[in-house]
Amino acid sequence: MAPLDPLIRRSAMIERSADLEALQTLVQRAKQGQGNCILVSGEAGIGKSRLIAEAKTFAATQGLLLFQGTCFPTDQSSPYAPLLDLVRSTASRPFAAAAASELAPFARELHPLFPDLAPLPAEQPKHAPPAPEPEKLRLFTALAQFFLLQAERQPVLVVIEDLHWSDETSLEWLHYLTRRCFDHALLLLLTYRSEEVHPGLRHFLAQLDRERLAQERTLARLTRQGVAAMLQAMFTLPQPVRLDLLDSIYALTEGNPFFVEEILTALIASGGLFSANGRWQFKLLEEVQIPRSIQDAVQQRTTRLSQNARRVLTLAAVAGRRFDVDLLLHLTGEDEFGMLQALKELLAAQLVVEESAEQFAFRHALTRQVIYADLLLRERKALHRTIAETIEHLSASHRDAHLADLAYHYYQAGAWEKAVDYGQRAGEQAQRLYAPQAAIEHLTHTLDAAQYGDITPDATLYRQRGQAYEALGDFEQARLDYETTLQMTRMAADRRGEWQALNDLGFLWAERDYSQAGSYYQQALDLARQMDDPLTLAHSLNRLGNWQVNSEQPGDALRSHQEALALFEQAQDQQGLAETYDLLGMTSTLGGDLLHAATSYYQAIELFQQLDNRQGLASSLSTLMVLGEGGGYEVETMAPAATSFAKSLTFGERALTIAREIGQRSAEAYALLALAQYLGPHGEYARALEVAQAGLALAEQIEHRQWVTAAHWQVGVLYLDLLAVPEAERHLTQALALAQEIGSGNWIRIVSGFLARTCILQREVARAEQLLDAALPPDAPSQTIGQRLVWRARAELALARGSPSLALELTNRLIASAANLSEGQVIPHLWKLQGEALAALQQESEAEAALRAALASARAQRLRPLHWRVAAALGSLFRTTRRSEDAEQASAAARVTIEELAAEIPEEVLRTTFLSNALAGLSRPRPLTPRRVTRQAFGGLTEREREVAALIAQGASNKEIAAHLVVGLRTVETHVSSIFSKLGLTSRAQIAVWANEKGLAQTAR
């Protein structure tokens, strides 16, 4: 066990970039002589001062002169208090003497406030005391003139923080100055707490709004992702933030940065947060001492409350974060009027908020916790019992709606039997509602209550909690609960329960160790055969089959699933059929048959929808997306299903939405990675990188090693596609090491195929060969996804080594072995490889045909990254055969696509790398002749081909075109074929549409 570094790093700005950019823009405008006023508001601790500090640092780099003032709680009764602070700050500055000199002309007006900075002249004329209002106006004018004079010499930033404590006179002067700052190089930056706006400040803000004198930035609480980023920025730990820690911190602090820092400081100080075995460990946050700073802030608000309001507040704190007015009425015996008065006091003190007419909530969870902590343990128990009994009485006709409250209050009251009863029911309800975190809390309390009350718990409680931990990605806790379930069921001779526990453990271990998973699945299958229960046997066969296909045994997997399918069909078990179709889909996918895979997934999806099984639905939709038009990186060597890109993408987006709705984090990670895999080959790089990185972060957080493997592979392949080879190699090397650790033959081969390509690009052919031989013996088949990717890499390696005949042989073998490849259908990646091999063998016409087919297919399937590569290969072929105009045309097409893709890459360094490497292989464009300009404008079509296209648009047949142009029918057919190839079209109707769009049909008339 190692303590964490207690140094809290506050340098990172989390989720405030837009706010900071807004302030920086105003600073730059002030530097150019355009003044302004901006308000920064938000609740206490939200990060206003932190943001202002960044703005001040930026202003200093831009040469602005800073004046800083701060209001304090005692200042509301002290006129000009923040202004005194503001002007007196000049005394410690290098320009203090100059400032005092410049204040001299306003000495008479300013002397009452600043006698040391603005001494009166030696002789003063005698006069009657001035009237108060003119005196105040002169003072306002003098103060304003001082700052405006400074701004004439150097841009000025005036910062005044915490206006909620300001006196009204200072606010009046600020209004006066604000109206005059716009024509000067003076920026006013003012902050206040949005929950503590007194009448004077409210009037000031209304004046600014009415006269449109200020902009405002209201700082929101951090999102859950923001809190995660904050935790990462605060500590130097190599592993990601544990999700249970993140969930607990976020629930308690609700994204308030100050609360996050204070709670973590308290955890560190008490030893409640530490690192053990490479994992973040922490105590239950209910046991953490609330920091004194937070206690202070709450107690200051409660001291001024009436006795009745305090009583209501105490009962509300015991009731929970949210509390019902009816419950408080029954508990207190108050009438409606008395209760409303008490609630109004609590609202005015900023302790609670009104959520509806029937329900209120504490403004912050920590507010409730501070008040709750002030009660004696005996008091708490008695109040919890009273509240539980009252809820039980009030909810007699709708008890299920209050299971969670009843379980919580009876547990806190120490009423163990009722706590076990309601806790188990609440846990089951949370599972049904896809709320795994809530299920864990209920089931943990239930098991604790059983122990305290000497009640024997049911083994299903441990299994249910294990399932919830698994849903949240907590492998260790899930493993412990499943192993406890297995032990209990064996002791009770419960063979059904034992079988279920074995399957649960097998499924869990499949995340990180295929050997362990296979052992558990085999034990479960052996037990199922002894039980003589067809459905139990069918489920076991499915689990073993899925393990077999991931272990590169597709034939065995298919037999296991088909046997299971027959058993489920015989029993008419719809849930079993849905699961089997889903697994058959995966088996066909990994086995290389995408058509049958898609059919199976459609059947699974239909059944999952009927059964409202959203977890199964999310999984099926994610994989079905990758089988659609263009496919994903894994399926580059196979014939994809016919589903359009747009429709396929909706499958993936829906899967992600469902996974998030049900809180299934492993399913969310899988959906993110599937989206990245599908978007990348279509050139949607910005979104692909975003979801891939999000998938990697989530997989690491839940420590799902199979998805971490997939995520590193996915990120690596995206970098490879973007020609950022070192980054690609780094991620793919990590993916391979993880694949070897978990023992997945499927992932080892998939990753090795792509990692070998990075070696080839770096001319490390010996290393590439080593990787491929280690992943797959040279005499192995080319059936599964992994096998085919290795063989594709071997063909590329043969080309790199100058063995085009071997490359062609391997490519043709892959084409011949592709499942369900219909006549005329093209797998563009393989056709490109075939064309390159033929070109190297100087079989130019065959090479051109293969590359043109690949180009047309890439266009039709929206595979833009492949499109430019094929176009570049065509350009290279044409240069070799001295067809310079065609070469230039192909290179120009590649260049256009490359530039389009580059424009969508968000990171500048990555964009520059991609452009540089992609364009390096293209010939430099020659100056365009008028004729070539015309050809480029019409997709490279020659003048005669444009005439043919125009006649097709008019509805002419090939025979009619031949007669019109006075050429042979075969010549017309050649022109039509060339048009199809150059434009990437597949029908005469498409040519007609294109010709009309280009205006060719009208020209022909």
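Rules of the game
Residues numbered from 1 in each chain as written. Predicted model: local features only at pLDDT ≥ 70, side-chain atom pairs only at ≥ 80, totals over all residues. Heavy atoms only, no water. Helix = DSSP H or I, 4+ residues; strand = E, 2+ residues; numbered from the N terminus. Buried < 20%, exposed > 50% of the residue type's maximum accessible area, 1.4 Å probe, protein only. Contact = heavy atoms within 4.5 Å. Areas by Shrake-Rupley, 256 points an atom, 1.4 Å probe, with all protein chains shown as cover. Core = buried A, V, L, I, M, F, W, Y, C linked by side-chain atoms within 4.5 Å. Pairing = 2+ DSSP bridges. Axes fitted to C-alpha atoms, helices over the stretch in contact; angles between N-to-C directions. Parallel < 35°, antiparallel > 145°, perpendicular 65-115°, else oblique. Left-handed = near helix turned anticlockwise from the far one by under 90°. Nonpolar A, V, L, I, M, F, W, Y, C, P; charged D, E, K, R; others polar. Expected span 1.5 Å × (residues − 1). Phe/Tyr/Trp six-rings, centres within 6.5 Å; stacked < 30°, edge-to-face > 60°. Salt bridge = Lys/Arg side-chain N within 4 Å of Asp/Glu carboxyl O. pLDDT = per-residue confidence, 0-100. Patch = residues over 30% accessible without salt bridge, like charges linked within 9 Å, V, L, I, M, F, W, Y side chains within 5 Å. Lys, Arg positive; Asp, Glu negative; His and termini not counted. Charge placed at Lys NZ, Arg CZ, Asp CG, Glu CD.

Turning our attention to the overall build of the protein. Secondary structure summary: the protein contains 49 helices and eleven strands in total. Counting across all 1005 residues of the protein, residues that qualify as buried make up 56%. In the protein, once contacts between residues fewer than 6 apart in sequence are set aside, the share between residues at least 24 apart is 68%. A total accessible area of about 43700 Å² is found for the protein, and carbon and sulfur atoms account for 51% of it.

The subject of this paragraph is the nonpolar core. Within the largest apolar cluster, 175 residues are counted, with the highest numbers of intra-cluster contacts made by M625, W713, F754, W831, W868 and F914. Setting aside anything within four residues of it in sequence, one finds W831 in contact with I815, L821, Q825, V826, A850, A853 and A854.

Moving on: the environment of G506. Of note, G506 is situated in helix α23 (residues 495-509). What makes G506 buried here is its relative accessible area of 0%. Other than its neighbours up to four places away in sequence, G506 contacts A517, Y520 and Y521.

Right, let's get into the sheet that holds strand β10 (residues 352-354). Ordered in space as β9-β11-β10, the three strands form an open sheet in which the pairing is antiparallel. Strands with a single pairing partner mark the edges of an open sheet, and in this sheet they are β9 (322-324) and β10. On average, each strand axis in the sheet is inclined to that of its neighbour by 30 degrees, with strand direction left out of account. Across three bridges, β10 lies against strand β11 (residues 359-362) in antiparallel orientation. Directly across from V352, in β11, lies its bridge partner F362.

What follows deals with the packing of helix α28 (residues 594-611) against helix α29 (residues 614-626). Two measures define how a pair of helices packs: the angle their axes make with one another and the distance between the axes. Contact pair α28 / α29: the axes reach a minimum separation of 9 Å and the direction vectors enclose 155 degrees. The orientation of α28 with respect to α29, classified from their angle, is roughly antiparallel. For the pair α28 and α29, the sense of crossing is left-handed. Judged by residue contacts, A598, Y601, Y602, A604, I605, F608 and Q609 of α28 engage G616, L617, S620, L621, T623 and L624 from α29. Residue classes in the contact of α28 with α29 are distributed as nine nonpolar, four polar and no charged.

Moving on, we come to the packing of helix α21 (residues 459-471) against helix α22 (residues 475-491). Running from N to C, α21 and α22 point in directions that differ by 160 degrees, and their axes come no closer than 8 Å. Between α21 and α22, the angle is such that the two are roughly antiparallel. The chirality of how α21 crosses α22 is left-handed. Side by side, α21 and α22 meet where A459, Y462, R463, R465, G466, Q467, Y469 and E470 of the first sit next to Q477, A478, D481, Y482, T484, T485, M488 and T489 of the second. Across the contact of α21 with α22, the residue classes break down as six nonpolar, six polar and four charged.

Moving on, we get to helix α20 (residues 436-452). With 17 residues, α20 should reach 24 Å at 1.5 Å per residue; the first-to-last C-alpha distance of 24 Å fits that figure. The complete set of buried residues in α20 reads P436, A439, I440, H442, L443, T446, L447, A449 and A450. Phi turns positive one or two residues past the end of α20, at D454, with a value near 55 degrees.

On to the packing of aromatic side chains, then. Summed over the entire model, instances satisfying the criterion amount to 19 aromatic pairs. Seen from their ring centres, F140 and Y176 are 5.9 Å apart, and the 55 degrees between their planes marks the pair as tilted. Here F140, found in helix α6 (residues 132-153), pairs with Y176, found in helix α7 (residues 168-178); they are 36 residues apart in sequence, far enough to count as distant. A residue is classified by how much of its surface remains accessible, and F140, at 6% relative accessible area, is buried. Ring centres 6.0 Å apart and planes at 50 degrees place the aromatic pair F258 and F259 in the tilted group.

Summed over all chains, the structure comprises 43 salt bridges. Of the charged contacts, one joins R193 and E196 as a salt bridge, the two residues approaching to 3.0 Å between their closest N and O atoms.

Taken together, five strands build an open sheet; the order of strands is β3-β4-β5-β2-β6 and the sheet is parallel. Edge positions in the sheet fall to β3 (65-70) and β6 (215-218), since each has one partner strand and no second. Mean inter-strand twist for the sheet, computed between neighbouring axes without regard to direction, equals 15 degrees. Across six bridges, β3 lies against strand β4 (residues 156-161) in parallel orientation. Counterpart to L66 in the pairing with β4 is L157.

Mean pLDDT over the protein stands at 87; residues scoring 70 or higher make up 89%. Put simply, strand β1 (residues 2-3) is where the protein has its lowest mean pLDDT, 46, and helix α39 (residues 828-840) is where it has its highest, 96. Between residues 1-11, whose pLDDT stays under 50, and residues either more than four places distant or in other chains, the model counts 26 contacts.

With seven of seven residues buried, strand β2 (residues 36-42) lies mostly within the body of the structure. Residues N36, I38, V40 and G42 line one face of β2 and the alternating positions C37, L39 and S41 line the opposite face, and both faces are buried. Here β2 pairs with strand β5 (residues 186-193) via seven bridges, running parallel. Paired with S41 across the bridge in β5 is Y192.

A cluster of acidic side chains, namely D324, D326, D335, E336, E358 and D405, defines a negative patch on the protein surface. Within the fold, E336 resides in helix α15 (residues 336-348). Accessibility expressed as a relative area gives 47% for E336, which makes it partly exposed.

For the rest of this paragraph, the subject is helix α19 (residues 416-432). In this model α19 runs 24 Å from its N-terminal to its C-terminal C-alpha over 17 residues, within 8% of the 24 Å that 1.5 Å per residue would give. Buried residues along α19 sit against α17 (377-394), α18 (403-413) and α20. Positive backbone phi, at 55 degrees, marks Y434, one or two positions downstream of α19.

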